[in-house]
Every structure is written in structure tokens, then in C-alpha cells.
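Structural characterization, general
Next come the chains, spelled out residue by residue.
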Amino acid sequence: MLKIIVKEGENIERALKRYKRKHRNIKVMQNLRDGQFFTKPSVKRRREIQKAAYIQNLRDQEDI
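One numbering rule holds for all chains: residues counted from 1, following each sequence as written. A pLDDT threshold of at least 70 governs which residues receive local features in this predicted model, and a stricter bar of 80 or more applies before side-chain atom pairs are shown or counted, although totals over entire chains, interfaces and linings include all residues. Each side-chain value is derived from all of the structure's non-hydrogen atoms; neither hydrogens nor water enter the calculation.

The condition is simple: UniProt positions are given in the numbering used here, feature names are shortened, and annotations may be inferred rather than shown by experiment.
Under an unreviewed UniProt entry, the name given to the protein chain is Small ribosomal subunit protein bS21, and the organism recorded is Snuella sedimenti. Quoted verbatim from the Sequence similarities (unreviewed entry) field of the UniProt record, the comment on the protein chain reads "Belongs to the bacterial ribosomal protein bS21 family."

Below, the structure written as C-alpha cells:
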């Protein structure tokens, strides 16, 4: 559960922005979506390898 303590004199918009940032950083919605369906461990591992290869490809292209 996220708790955002609004400091005295702090604008509510600023507190809302902090809440949204914290919500995004802990990936609440992504965890909920991932838990809706069962994903086989082999599929998870394959996705992680594909993601790592994609990121490595981007970094290699950047170095060229």
C-alpha cells in the first residue's frame, strides 16, 4: 500500500505527482496484469532473453 504524506504547505498537485511517480516505479499495474494469466517459466525465461538481446543490440548500434 502506497502512503504519501502531504507536507505542511505542500501543493496537492505536487503530492499527487509524487504519488504517481511512486506508483509507476513500483509497477503496481504491471504486476496486476502479469498475475491475471499463468505464464510458463520457459516463456518467462525466453522473454527475458529476448529483451536482453534487444537491449544489447541497441547498445551495440549506439557504439558504432
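Having seen it, we continue.
1. Concerning the overall build of the protein chain
Put simply, the test is: Numbering of helices and strands runs from the N terminus; a helix is a DSSP stretch of H or I covering at least four residues, while a strand is a stretch of E covering at least two. We take the radius of gyration over the C-alpha atoms and set the globule estimate at 2.2 Å times the residue count to the 0.38 power. Relative accessible area decides the class of each residue, using a 1.4 Å probe on protein chains only: under 20% of the type maximum gives buried, over 50% gives exposed, and in between gives partly exposed. Counted charges follow a simple rule, with Lys and Arg positive, Asp and Glu negative, and His plus the chain ends left uncounted. Just so you know, the charge point we use is NZ for Lys, CZ for Arg, CG for Asp and CD for Glu.
Counting its regular elements, the protein chain contains three helices and zero strands. From first element to last, N terminus to C terminus, the protein chain shows the α and β order α-α-α. At 19 Å, the protein chain has a C-alpha radius of gyration far larger than the 11 Å of a compact globule built from 64 residues. Reported as C-alpha extents along the three principal axes, the dimensions of the protein chain are approximately 50 × 40 × 10 Å. Counting only residues that meet the buried cut, the protein chain has 3% of its 64 residues in that class. Across the protein chain, the mean location of the 18 positive side-chain charges is 7 Å away from that of the 8 negative side-chain charges.

2. Quick notes on unusual backbone geometry
Positive phi outside glycine occurs at Lys27, with the angle close to 55°. Exposure remark for Lys27: the relative accessible area of 46% places this residue in the partly exposed category.

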